[in-house]
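# Chain and residue survey
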Amino acid sequence: MRPISISYTLRTANGDVIAAYQGRTQYYAASTMKLAVALATARLIDTGTLSWTDQLPASHTYHSAVGGVFTFDPDDIDPLFPADGAPISIRELVTCMIDRSCNEATNMLLERIGVTAAEDACRLCGLHDMHVDRLIGDVAAAEQTGISNEVTTDDLSEIMRQIVRGTHTSGMATSALRNALMNQQYAVIGPQLGDDVVWGSKSGWVDGINHDVAFIGDPDSDDMRVLAVCTSGYGEEQAHGIIRALTHALLR
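What comes next is a walk through the structure.

Cut-off values and rules
- Residues numbered from 1 in each chain as written.
- Predicted model: local features only at pLDDT ≥ 70, side-chain atom pairs only at ≥ 80, totals over all residues.
- Heavy atoms only, no water.
- Helix = DSSP H or I, 4+ residues; strand = E, 2+ residues; numbered from the N terminus.
- Rg over C-alpha atoms; globule rule 2.2 N^0.38 Å.
- Buried < 20%, exposed > 50% of the residue type's maximum accessible area, 1.4 Å probe, protein only.
- Contact = heavy atoms within 4.5 Å.
- Areas by Shrake-Rupley, 256 points an atom, 1.4 Å probe, with all protein chains shown as cover.
- Lys, Arg positive; Asp, Glu negative; His and termini not counted.
- Charge placed at Lys NZ, Arg CZ, Asp CG, Glu CD.
- Core = buried A, V, L, I, M, F, W, Y, C linked by side-chain atoms within 4.5 Å.
- Expected span 1.5 Å × (residues − 1).
- Arc of directions from axis to C-beta.
- Patch = residues over 30% accessible without salt bridge, like charges linked within 9 Å, V, L, I, M, F, W, Y side chains within 5 Å.
- Salt bridge = Lys/Arg side-chain N within 4 Å of Asp/Glu carboxyl O.
- Pairing = 2+ DSSP bridges.
- Axes fitted to C-alpha atoms, helices over the stretch in contact; angles between N-to-C directions.
- Polar contact = N/O pair within 3.5 Å; in protein donor to acceptor, adjacent residues only side chain to side chain.
- Phe/Tyr/Trp six-rings, centres within 6.5 Å; stacked < 30°, edge-to-face > 60°.

In terms of helices and strands, the protein carries eight helices and 11 strands. Its C-alpha atoms give the protein a radius of gyration of 17 Å, within 12% of the compact-globule value 18 Å for 252 residues. For the protein, with 252 residues in total, the buried portion stands at 54%. Counted over contacts in the protein with a minimum sequence separation of 6, partners at least 24 positions apart contribute 66%. Per element, the accessible surface of the protein, about 10,800 Å² overall, is 48% carbon and sulfur. The centroid of the 17 positive side-chain charges in the protein is displaced by 5 Å from the centroid of its 32 negative side-chain charges.

Right, dumping it as structure tokens:
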């Protein structure tokens with residue numbers, strides 16, 4: 001049973017914290033760690049180490065941090081992901097990792113760039129507590145060593161802010177990441193904002209964990225805001241109700 005906890009952080013476009021509650025409380029990251037993977041990949045593309053058009057053979061089997069290989073449980077499989085060996089581009093991997101939270105894409109990218117690159121992206125953003133230590137679904141590593149991927153709302157709001165502001169990436173890379181975030185299929189914060197509001201987000205969830213982090217407003221504007229909410233110990237419906245209520249209360 002996960003402990004019951006709620007945290008939130010609301011930031012301005014320049015990074016100032018407007019409101020926060022337990023902003024440095026650590027949570028299992030779930031899919032929000034994909035923000036670090038996306039940023040790390042985009043930076044390698046900018047340096048010429050990778051290209052958006054590079055093709056990799058699709059894979060459903062991944063290497064554990066403690067040796068051996070693993071695959072996903074049926075509930076965690078993306079039914080739209082290509083069959084083993086089919087070509088898929090880096091651009092497609094980054095896009096589906098964000099907009100439909102594809103776990104296969106995440107692990108393929110992490111195996112290509114290395115977990116250290118994602119961790120370096122967290123440090124580059126000056127984050128205090130967010131860390132990426134293993135692939136998604138590496139149960140053996142979690143059980144044998146306790147290593148995990150963790151986030152806080154302070155850090156989620158800051159990495160999202162720096163990604164959409166293009167602090168560390170070229171204009172082309174920043175645009176690609178913004179577009180993926182704006183096509184998020186599992187948003188909780190965004191649908192509360194009204195049809196005329198520009199937003200993009202990355203959510204994350206497993207049993208007892210529900211998070212969402214969103215940029216709100218034109219990311220080039222000084223009026224943009226970034227809101228991160230993390231919850232632990234609640235069922236999905238109740239957690240989403242909490243996130244929706246906080247969105248209305250903090251952005252009224």
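All right, on to helix α3 (residues 103-113) then. Burial runs high along α3: nine of the 11 residues are buried. Just downstream of α3, G114 is the residue with a positive phi angle, here 90 degrees.

One non-glycine residue, Q22, lies in the positive phi region at around 50 degrees. Among the structural elements, Q22 can be located in the loop between β2 (17-21) and β3 (27-28). If you check the backbone angles, A30 has positive phi at about 50 degrees while not being a glycine. Within the secondary structure layout, A30 lies in the loop between β3 and α1 (34-46).

Time to look at the nonpolar core. Ranked by internal contacts, the top residues of the largest apolar core, which has 60 residues, are L93 and I159. Mapped onto this core, the elements with two or more residues apiece are α1, α2 (90-99), α3, α4 (115-124), α6 (153-165), α7 (171-182), β10 (209-216) and β11 (225-232). The dominant element in this core, judged by the number of residues it contributes, is α1, at eight residues. Discounting chain neighbours no more than four positions away, the residues touching I159 are L35, A36, L39, C125, L127 and M130. Formed by 16 residues, the second largest nonpolar core is a distinct cluster that contains I189, A214, A239 and I242.

On to helix α8 (residues 236-250), then. With 15 residues, α8 should cover 21 Å at 1.5 Å per step; its first-to-last C-alpha distance of 21 Å lies within 8% of that length. Taken together, the buried positions of α8 are A239, I242, I243, L246 and T247. Axial view of α8: buried residues confined to an arc of 135 degrees, hence all on one face. Looking at the packing, one finds that the buried side of α8 touches β1 (5-12), β10 and β11.

Here we take up a negative patch on the surface. A contiguous patch of negative charge, built from D73, D75, D76 and D207, is present on the exposed surface. Here D207 lies in the loop between β9 (199-206) and β10.

Here the focus is the side chain of T32. As for its position among the elements, T32 is in the loop between β3 and α1. Dropping the residues within four chain positions of it, T32 is found in contact with M130, V151, L156, K202, S203, G204 and H211.

Strand order in the open sheet formed by five strands is β2-β1-β11-β10-β9, and the pairing between neighbours is antiparallel. Looking along the sheet, the strands with just one partner apiece sit at the ends: β2 and β9. Within this sheet the neighbouring strands show an average axis-to-axis angle of 5 degrees, counted without direction. Note: β1 against β11, eight bridges, orientation antiparallel.

Turning next to the side chain of H211. Mapped onto the secondary structure, H211 falls in strand β10. Residue classification places H211 among the buried residues on the basis of a relative accessible area of 1%. Within polar-contact distance, the side chain of H211 engages the backbone nitrogen of T231 at 3.4 Å. With residues near it in sequence (within four places) discarded, H211 still touches Y27, Y28, A29, T32, V151, S203, G204, V229, C230, T231 and I243.

So, about the packing of aromatic side chains. One pass over the full model with this rule turns up five aromatic pairs. Here the aromatic rings of Y186 and W205 are separated by 5.2 Å at their centres, their planes lie at 55 degrees, and the arrangement is tilted. Taken together, the residues span a long stretch of sequence, with Y186 in the loop between α7 and β9 and W205 in strand β9 at a distance of 19 residues. Note on Y186: relative accessible area 40%, which makes it partly exposed. Taking relative accessible area as the criterion, W205 reaches 35% and is therefore assigned partly exposed. Ring-pair connections join several aromatic residues into one group, and the members of that group are Y62, F70 and F72.

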